[in-house]
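Residue strings, one per chain:
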Amino acid sequence: MSDPLVWLILLPLFWATGAFLFPTRGAWLAIGGTAVQLWLALALAAKVGAGGTATHAVGGWGAPLGIDLAADGLAALLLVLAQFVALPLFLYARDYFAGKAPAFWPLAGFLLAGMNVLFLSADLFNLYVALELVGLAAVGLVALGGGAGPLAAALRYLFATLVGSGLYLLGVALVYGTYGTVALATLTPLVTADAPRAVWLAAGLLLVGLMIKTALFPFHYWLPPAHGGAPAPVSALLSALVVKASFYLILRLWLGPFAPLAVAAAWLPALLGGAAILWGSWRAIRAERLKELVAWSTVAQLGYLFLIFPLLGADGLALHAGGMQVVAHGLAKAAMFAAAGVVIQVTGRDAVADVAGVASRLPVTLFAFGLAGVTLMGLPPSGGFLAKWLLIDAALAHGRWDMVILILVGGLLTAIYVFRVLRQAFLLPPSSERRRVKHRPVAILEWTAFALAAASVLVGLRGMEIVRLLGAVA
Amino acid sequence: MSTGLIFACGGAILFVMGVAGVILHDHLLRRILAFNLMGSGVFLVLIGLAQRGGVPDPVPQAMVLTGIVVAVAATALALTLARRLFALTGGYTLPKDGDE
Amino acid sequence: MIRSAVVILAALFAAALIVAFLDLPPAEIDLPAAVTANMAISGVDHPVTAVLLNFRGYDTLLEIGVLLLALIVVLAVAPREEVAAPLVASAADPVLQTLARIAVPLMLLAAVYLLWAGAHQTGGAFQAGAVLAAAAVLLHLAGLLPGWSAPGLSLRGGLAAGFLVFLAVAAALLTEGALLQYPPAWAGALILLVEATLAVSLGLILAGLFLFLS
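The structure contained in this document is the topic of the report that follows. The residue count restarts for each chain, going from 1 along the sequence in the order it is written. As they are written, the chains are lettered A onward and the ligands numbered 1 onward, keeping that order. At least 70 in pLDDT is required for a residue's local features to be given in this predicted model, at least 80 for side-chain atom pairs to be given and counted, and no such filter applies to totals for whole chains, interfaces and linings, which use all residues.

1. Examining the overall build of chain B
(1) Moving on: Helices and strands together make up the secondary structure of chain B, namely three helices and zero strands.
(2) Moving on: Each helix (α) and strand (β) of chain B, taken in turn from the N terminus, gives the series α-α-α.
(3) Moving on: It is over C-alpha atoms that the radius of gyration is taken, and the globule rule equals 2.2 Å times the number of residues to the power 0.38. Relative to the compact-globule value of 13 Å for 100 residues, chain B shows a C-alpha radius of gyration of 16 Å, a clear excess of over 25%.
(4) Moving on: Along the first, second and third principal axes, the C-alpha atoms of chain B reach 50 × 25 × 15 Å.
(5) Moving on: To sort residues by burial, count the other C-beta atoms lying within 10 Å of each one's C-beta; a count of 20 or more means buried, 12 or fewer means exposed, and anything in between means partly exposed. C-beta atoms are built from the backbone. Every one of the 100 residues in chain B was classed for burial, and the buried ones make up 57%. Every helix listed is a DSSP run of H or I at least four residues long, and every strand listed is a run of E at least two residues long, numbered separately from the N terminus.

2. Looking at the overall build of chain C
(1) Moving on: On a plain count of helices and strands, chain C comes out with eight helices and zero strands.
(2) Moving on: Counted from the first residue to the last, chain C has its helices and strands arranged as α-α-α-α-α-α-α-α.
(3) Moving on: Relative to the globule expectation of 17 Å for 214 residues, the C-alpha radius of gyration of chain C, 22 Å, shows a markedly less compact shape.
(4) Moving on: Principal axes of the C-alpha set define a box for chain C whose edges measure 60 × 60 × 35 Å.
(5) Moving on: Buried positions account for 45% of the 214 residues belonging to chain C.
(6) Moving on: Any two residues are considered in contact once their C-beta atoms, placed from the backbone, lie within 7 Å. Relative to all contacts within chain C whose residues are 6 or more apart in sequence, the contacts with residues 24 or more apart total 77%.

3. Some thoughts on the pairing of strand S2 (residues 67–71) of chain A
Residues and elements named next belong to chain A.
(1) Moving on: For S2, the buried fraction is high: five of the five residues fall into the buried class.
(2) Moving on: Alternating positions in S2 separate into two faces, Ile 67, Leu 69 and Ala 71 on one and Asp 68 and Ala 70 on the other, with burial throughout.
(3) Moving on: Two strands pair when backbone bridges link them, and strand S1 (residues 54–58) and S2 are joined in this way by five bridges, in the antiparallel orientation. What sits directly across from Val 58, in S2, is Ile 67. Between any two strands, at least two bridges found by DSSP are needed for them to pair.

4. Here's the deal with the packing of helix H1 (residues 4–21) of chain A against helix H2 (residues 26–51) of chain A
The description of two helices packed together rests on the angle between their axes and the distance between the axes.
Residue and element names in this part refer to chain A.
(1) Moving on: Only C-alpha atoms enter the line fits that serve as axes; for helices the fit covers just the stretch in contact. Angles between N-to-C directions range over 0 to 180 degrees. The geometry of H1 relative to H2 is characterised by a closest axis approach of 9 Å and an angle of 175° between their N-to-C directions. Compared by their axis directions, H1 and H2 come out roughly antiparallel. Listed contacts from H2 to Pro 4, Leu 5, Trp 7, Leu 8, Leu 11, Pro 12, Trp 15, Gly 18 and Ala 19 of H1 are Gly 26, Leu 29, Ala 30, Gly 33, Val 36, Gln 37, Leu 40, Ala 41, Ala 43 and Leu 44.
(2) Moving on: Residues are grouped as follows: nonpolar covers Ala, Val, Leu, Ile, Met, Phe, Trp, Tyr, Cys and Pro; charged covers Asp, Glu, Lys and Arg; every other residue, Gly included, is treated as polar. A per-class count over the contact of H1 with H2 returns 15 nonpolar, four polar and no charged. Angles below 35 degrees are treated as roughly parallel, those above 145 as roughly antiparallel, those between 65 and 115 as roughly perpendicular, and all remaining angles as oblique.

5. Describing helix H1 (residues 2–22) of chain C
Residue pairs spaced three or four apart in an α-helix point in one direction, given the helix's 3.6 residues per turn.
(1) Moving on: Counted at 1.5 Å a residue, the expected span for H1 of chain C with its 21 residues is 30 Å, and the 30 Å between its end C-alpha atoms agrees.
(2) Moving on: The complete set of buried residues in H1 of chain C reads Ala 10, Ala 14, Leu 17, Ala 20 and Phe 21 of chain C. The buried residues of H1 of chain C occupy an angular sector of 125° when projected down its axis, which confines them to one face. Exposed and oriented more than 90 degrees from the buried face of H1 of chain C are Ser 4, Ala 5, Ile 8 and Leu 12 of chain C.
(3) Moving on: Considering only its buried residues, H1 of chain C is in contact with helix H8 (197–213) of chain A together with helix H1 (3–24) and helix H2 (28–50) of chain B. A helix is expected to span 1.5 Å multiplied by its residue count minus one. What the arc covers is the set of directions going from the helix axis to the C-beta atoms.

6. Quick look at the environment of Leu 366 of chain A
(1) Moving on: Structurally, the position occupied by Leu 366 of chain A is in helix H15 (residues 363–377).
(2) Moving on: Taking the C-alpha atoms as reference points, Leu 366 of chain A and Leu 210 of chain A, 156 residues apart in sequence, are found 34 Å from one another.

7. Considering the interface of chain A and chain C
(1) Moving on: Contacts between chain A and chain C engage 45 residues on the former and 47 residues on the latter.
(2) Moving on: Listed by contribution, the elements that provide at least two residues to the side of chain A that touches chain C are H1, S1, helix H4 (104–120), helix H5 (124–143), helix H6 (148–179) and H8 of chain A.
(3) Moving on: A per-element tally of the side of chain A that touches chain C places H5 of chain A first, with ten residues.

8. Let's talk about the nonpolar core
(1) Moving on: Put simply, a nonpolar core is buried Ala, Val, Leu, Ile, Met, Phe, Trp, Tyr and Cys residues tied into one set by C-beta atoms within 7 Å. The biggest cluster of nonpolar side chains holds 336 residues, and the ones touching the most others in it are Ala 335 and Ala 338 of chain A, Ala 73 of chain B together with Ala 70 of chain C.
(2) Moving on: Top contributing element to this core by residue count: H6 of chain A, with 21 residues.
(3) Moving on: Counting contributing residues, this core receives three or more from each of domain 1 (1–265) and domain 2 (270–474) of chain A. Where each domain starts and ends follows an automatic or database-derived domain assignment.

9. Notes on the interface of chain B and chain C
(1) Moving on: Chain B puts 30 residues into the contact, and the matching count from chain C is 33 residues.
(2) Moving on: Residue assignment for the side of chain B that touches chain C shows that the elements contributing at least two residues are H1 and helix H3 (58–89) of chain B.
(3) Moving on: A per-element tally of the side of chain B that touches chain C places H3 of chain B first, with 16 residues.
(4) Moving on: When its residues are assigned to classes, the side of chain B that touches chain C shows 23 nonpolar, four polar and three charged.

10. Concerning unusual backbone geometry
(1) Moving on: Cis geometry is found at the peptide bond from Phe 217 of chain A to Pro 218 of chain A, where omega equals 0°.
(2) Moving on: With respect to the element layout, Pro 218 of chain A can be found in the loop between H8 and helix H9 (223–229).
(3) Moving on: One non-glycine residue with positive phi stands out, namely Ala 98 of chain A, at about 50°.
(4) Moving on: Take Ala 98 of chain A: it is sitting in the loop between helix H3 (73–97) and H4.
(5) Moving on: With phi around 55°, Leu 180 of chain C is a residue other than glycine that occupies positive phi space.
(6) Moving on: Mapped onto the fold, Leu 180 of chain C is located in the loop between helix H7 (153–173) and helix H8 (187–211).
(7) Moving on: Residue Leu 180 of chain C is classed as buried on the basis of its 28 C-beta neighbours within 10 Å.

11. Here's the deal with the environment of Lys 333 of chain A
Residue and element names in this part refer to chain A.
(1) Moving on: Counting through the fold element by element, Lys 333 comes out in helix H14 (residues 317–347).
(2) Moving on: As for Lys 333 and Ala 387, which are separated by 54 residues in sequence, their C-alpha atoms are 15 Å apart.
(3) Moving on: Look past the residues within four positions of Lys 333 in its chain and what remains in contact with it is Ser 239, Ala 240 and Thr 298.

Here it is in structure tokens:
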């Protein structure tokens, strides 16, 4: 009864089903449940920070016969992030949808449950089921948008995620065929640098499948329409959390069973990550619509995460950088989409050019957008700054000057597209339409966006705690 | 070349055909069918490789049962979305803006 | 151009897979032996059912969640305007209707048998649920069962019951030991309870995937 690990999985499944059975209570079930989950996640993080990896053998069998759950520092950090981002977003969604999309609550519940399962699982096949749970829930949430555009985006996303899962599952099949087990703990000592060819193919399949799900360049094509066309709280959940889940899995496999094989291929994610930063930022600068701009920003920011792979080493610097970037970007991107959602809802338009002059009407919202932009650009003392600082530190330790330049150029490009929006909002006077802002937004929408943005900046001040938690990585 | 290996090789070919189908086809229903082909290929590989020694293994069989259910769920979702798209646009293809 | 490149790449990859399969050494871990060793305390007699509902029951719990999730999306996306959809044109065929009337009770019986048989031979909740769903679809295609519109509370209850019972059993077992750790004395009864409710719910969900769209 006292194991937070297990309740982090059971609780969201319970309230998601409850939200399906009682659609009118969906919002309250979600908010209450997620609040308890946040508390559980913090308790788990404290436990892991003090005592090392927490494990739980489901069914009492233990790997490889049964399925093991394991929470090390990285998993605990991501669990806290997921619940911490979801809670304000659910408060936001309650007023954003105002009862018009009751299916949001059970779908969001299954999404959150799936992510919790994913962060805690230590079994390759169980991870596949978790990936499908998260992926299908995400597709369903995108389709809530309703029109032909969101539907097409949802279908494109669905096919991408299904191909990704298919590749992943084939990799799992190869691993099981070779070793007779799919438990991570059992596999790690078995995989060596002279593994059979099938294991190399499996590693490649797992990596590419997960890269498709994380929208790494060149598999990013599905993300901008999906995140740009979904309702704002959905875009926030997807950009902040869902893509991080598959990235977490890549990291888990890279550091775990496939570590002996990973050394040979470390240049590939970094190369693709660099391309993502440049291409994503370029498309964000050119984007016409506000949510599309923020979505391309996600493509670019995900690139930073993949730069860490050649830099992973005993000093843990690159891992800390990656963890910090995941946290900072998650908070900032959620805030940005929330703010964008408010702007679009009250002005009724979603082109970047139409943001003109809203600053006087929506000060809190634009401040939130600006703060989020501060983190994405990497200005001190925000979380994004700390992440990029750690990343540059790691790159210098490995002598990778090309990466340092890339990171700095990326920050500059980020500043260009962030300021594009802010300039429109603050400096340009309202055009011929006087009554640009139709009505005041509901206060909670603005303040949740602000809270998330403030958190993304403040987390830079608590950076050392996060680094210490990450130190407990198995 | 045991029976298991033959199934695995067949599964590999089906998988590859399925993935190529999802990527290359335009018609949504064909892409959904290709996805199912891909899934069947993976299941064959899973069981074929695990049982290449001739000894039946219940674990991959249970995994495939789970996989089939997940594939059914995904197919149902895809078909619903496709049907709705057809109701809205009158066609079964996605608009062309940078497909893979 | 792209087409031929994809096809060639695909063929090469298939060849690489086949070559990799052919020179695989035998597996290191022998899970079938571990399964057989633990069959006595698993609560069922058939190894696949034991793996599915006991050793890897967690996977099964999650996959039911995935199926329920798919149904929720179907309900959310399916258009509301198509209320009272006309029954299928072939509905008026008396031969089909008589055949359906004869076949469906037999199918129900087969479903119950499959569920019960799962404990000691191939069978179980999924197979039973699939047969139940097929019976519902047959009735619909024969014109004897109208398409379903938005589900009321009782139908929603039926759809979610299997998943909820499984979750409740999992949570209740937490007081004794680990998640989904069946005490050996109760294992058989609990698994049968879970499978029975799952079979009904699965039948409803799978039928719903067809009938809510009609």
